[in-house]
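# Residue-level structure breakdown
One-letter residues, chain by chain:
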Amino acid sequence: MGKALQFNHRMRISLLQAKGRFERLDSYLGKLADKGFDVAGVPFRLLDDLLRTRAEVDFTALIPLARHTLGGQPALLTAVLQDLQAGEIDHLKRLVEEGSAHTMTRFEAMGWATYLTHRADFPETGPAAGDVFQFWDAATPPPEVQDGKAQWQRTTQRYVWYDDRTVHDYIADGFGQDAARAYDALWHPALKSDVFRLYRLAQDGGVYSDADSHPQHRVSDILKHAGGRVWAASMTHVPNCVAINGFLAAPPRHPLIEALLDQVLRNTRDVKSRGIFWLSGPGAFTAFLYRHQGKYDVGLLPQGVLKADLFRQFDASYKHTQQNWRVFEHQQGQDNAAGLQEVLKHVEVQP
């Protein structure tokens, strides 16, 4: 790990980016790297900014910047830029199917291919979305979460809060006692949250937001126009560009949500040592969309739009305890190996 970039470095990078001076930027990053500064994350963050602003750019002009990334990321970023320019996912699909590539690089290519397939602009027209809903398993959430809840309540008059008890009743009423008992048996609050949001969206639609978040200034705009399709976002600022489910909008009875719910429920009955990320979280969402390329109507926003305009997560004290699924699974000795193996086993491998 190199030294952190300083303010003047970041300003120079932003200026060269704004002017489209990518050759100069390539040279400048090389000089910073030679001086021991960590520049590996810059190319993907730059790409996210371009996707957020919808700047007119020849994406292939950024390919020389790929050399500043790490591991399998130069090949990944090159494939992303080529496919963005061509309006296809052919290079990324070949990387997913490349048996000699690292399994994480192949999954990262899957995530980018998913984003490019469903890449969408911020909705400016369309029907209004339903209510905003959130979940916390305990009846009394931590103070930081209560503050976030209050901010969301001020954002919209159509707001519903759920806890473990009310979720049990909701699932029992809409899907039956067996479904409610299966929900009760789930072993972590994060898993319960992932499953419940799909039950709720499948039956009543609406806009789900993680409880450890604050609304941003354009939430009211998306609520006006997000009711006609599924909306989510992708982590376009990093190599691991998964489709995330922390902010998720859908109309009632949407076939994507119903099919994803069925898949997630099957995953929870056939765990195979996979962690929550792969069973019900972004790993599961990304793999589902990739396997069903183009079948469902979903709009994926870039990370920059999500964070700047709609939804910003905050650090909370619970994230350092077993209430955080990452901490919980780390203490259980779980890693990504089983999840990657399961996701990639259905992919046709090219020698």
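Preceding this section is the structure that the text describes.
Before going into details, it helps to say that this report is about the structure given with it. The residue count restarts for each chain, going from 1 along the sequence in the order it is written. Reporting of local features is limited, given that this is a predicted model, to residues whose pLDDT is at least 70; pairs of side-chain atoms are given and counted only at 80 or more, and all residues count toward the totals for whole chains, interfaces and linings. Hydrogens are left out, water is left out, and the side-chain values use all remaining heavy atoms of the structure.

## Points about the sheet that holds strand β6 (residues 243–250)
In any sheet, the strands associate via hydrogen bonds between backbone groups, in a parallel or an antiparallel arrangement. Only strands that DSSP links by at least two bridges are regarded as paired with each other. Strands here are runs of E lasting at least two residues and helices are runs of H or I lasting at least four, both read from the DSSP assignment and numbered beginning at the N terminus. Across the sheet, which stays open at both edges, the six strands sit in the order β2-β1-β3-β6-β5-β7 with mixed pairing between neighbours. The sheet is open, and its two borders are formed by β2 (159–162) and β7 (298–301), each paired with just one other strand. Between one strand axis and the next, the sheet turns through 25° on average, direction left out of account. The pairing of strand β3 (residues 206–209) with β6 spans four bridges and is antiparallel. Note that in β6 the partner of Y208 across the bridge is L248. Each axis is a line fitted through C-alpha atoms, and for a helix only the stretch in contact is used; angles between axes span 0 to 180 degrees, taken between their N-to-C directions.

## Considerations on the nonpolar core
Take the buried residues of types Ala, Val, Leu, Ile, Met, Phe, Trp, Tyr and Cys, join any two whose side-chain atoms come within 4.5 Å, and each joined set is a nonpolar core. Exposure is judged per residue with a 1.4 Å probe applied to protein chains only, and the accessible area is read against the type maximum: over 50% gives exposed, under 20% gives buried, and values in between give partly exposed. Counting 117 residues, the largest nonpolar core has L47, L92, F107, W112, L256 and L310 as the members making the most contacts within it. Residue contacts are counted whenever heavy atoms from the two residues lie within 4.5 Å of one another. Those residues in contact with F107 that lie beyond four places of it in its chain are N240, V242, F277, W278, G283, T286, L340, V343 and L344.

## Here's the deal with the pattern of salt bridges
Throughout this description, the term salt bridge denotes a Lys or Arg side-chain nitrogen within 4 Å of a carboxyl oxygen of Asp or Glu. In the structure shown here, the tally under the stated rule is 17 salt bridges. K192 is paired through a salt bridge with D164; the nearest N and O atoms lie 3.1 Å apart. Here the residue K192 occupies a position in helix α10 (residues 189–204), and D164 occupies one in helix α8 (residues 164–175), the gap between them amounting to 28 residues. D164 sits in the partly exposed class, given a relative accessible area of 24%.

## Re the side chain of D83
Turning to its location among the elements, D83 is positioned in helix α4 (residues 73–86). Buried and unpaired, D83 has no salt bridge, with R94 as the nearest side chain of opposite charge at 6.2 Å. The contacts of D83, once residues within four sequence positions are left out, are E88, I89, D90, H91, L92 and L116. As used throughout, the charge tally considers Lys and Arg to be positive and Asp and Glu to be negative, leaving His and the chain termini uncounted.

## Here's the deal with helix α3 (residues 42–53)
To estimate how far a helix should reach, multiply one less than its number of residues by 1.5 Å. For α3, built from twelve residues, the straight-helix expectation of 16 Å at 1.5 Å per residue is met to within 8% by its first-to-last C-alpha distance of 17 Å. Residues V42, P43, F44, L46, L47, D48, L50 and L51 constitute the buried set of α3. Elements in contact with the buried residues of α3: α1 (7–18), α2 (22–34), α4, α6 (103–118) and α15 (303–310). Once α3 ends, the next one or two residues include R54, with phi positive near 55°.

## Brief notes about the packing of aromatic side chains
Working definition: a ring pair exists when centres of Phe, Tyr or Trp rings (six-membered ring for Trp) sit within 6.5 Å. Plane angles under 30 degrees give stacked, over 60 give edge-to-face, the rest tilted. Inspection of every chain in the model, using the stated rule, returns 17 aromatic pairs. When the ring of W136 is compared with that of Y318, the centres are 5.0 Å apart and the planes differ by 85°; the resulting orientation is edge-to-face. Of this pair, W136 sits in the loop between β1 (132–135) and α7 (143–155) while Y318 is found in the loop between β8 (311–313) and α16 (325–331), placing the two residues 182 residues apart along the sequence. Neither W136 nor Y318 differs from the other in exposure class; each is buried. Chaining the aromatic ring pairs together yields one cluster made of F133, F135, Y162, Y170, F196 and Y208. Charges are assigned to positions over rings by a cutoff of 6 Å between ring centre and Lys NZ or Arg CZ, combined with an angular limit of 35 degrees from the ring normal. Cation over ring: R12 sits above Y28, and NZ or CZ is 4.7 Å from the ring centre.

## Comments concerning the packing of α1 against α2
Taken N-terminus to C-terminus, the directions of α1 and α2 make an angle of 160°; their axes are 9 Å apart at the nearest point. Here α1 is positioned roughly antiparallel relative to α2, judged by the angle of their axes. Note that α1 runs across α2; the crossing there is left-handed. Contacts between α1 and α2 pair N8, H9, R12, I13, L16 and Q17 from the former with F22, R24, L25, Y28, L29 and L32 from the latter. Oblique is the label for any angle not under 35 degrees, not over 145, and not in the 65 to 115 range, which are roughly parallel, roughly antiparallel and roughly perpendicular in turn. The hand of a helix crossing depends on one turn: near helix anticlockwise from the far one by less than a right angle means left-handed, and clockwise means right-handed.

## Concerning the pairing of β1
Two faces make up the sheet, and in a regular strand the side chains alternate between them. Alternating residues of β1 divide into V132 and Q134 and F133 and F135, and every residue in both groups is buried. Pairing geometry for β1 and β2, over four bridges, is parallel. If you follow F135 over to β2, its bridge partner there is Y162. Examined bridge by bridge, β1 and β3 share two bridges and lie parallel to one another. Paired with F133 across the two strands is Y208, which belongs to β3.

## Looking at the environment of L25
In this structure, L25 sits in helix α2. Along the sequence, L25 and I13 sit twelve residues apart, while their C-alpha atoms lie 6.6 Å from each other. Apart from the residues lying within four places of it in its own chain, the contact partners of L25 are I13, L16, L46 and L65.

## Observations concerning unusual backbone geometry
At R253, a residue that is not glycine, the phi angle is positive and equals roughly 60°. One non-glycine residue, S273, adopts positive backbone phi at about 65°.

The quantities given are spatial measurements derived from coordinates; they are silent on function.
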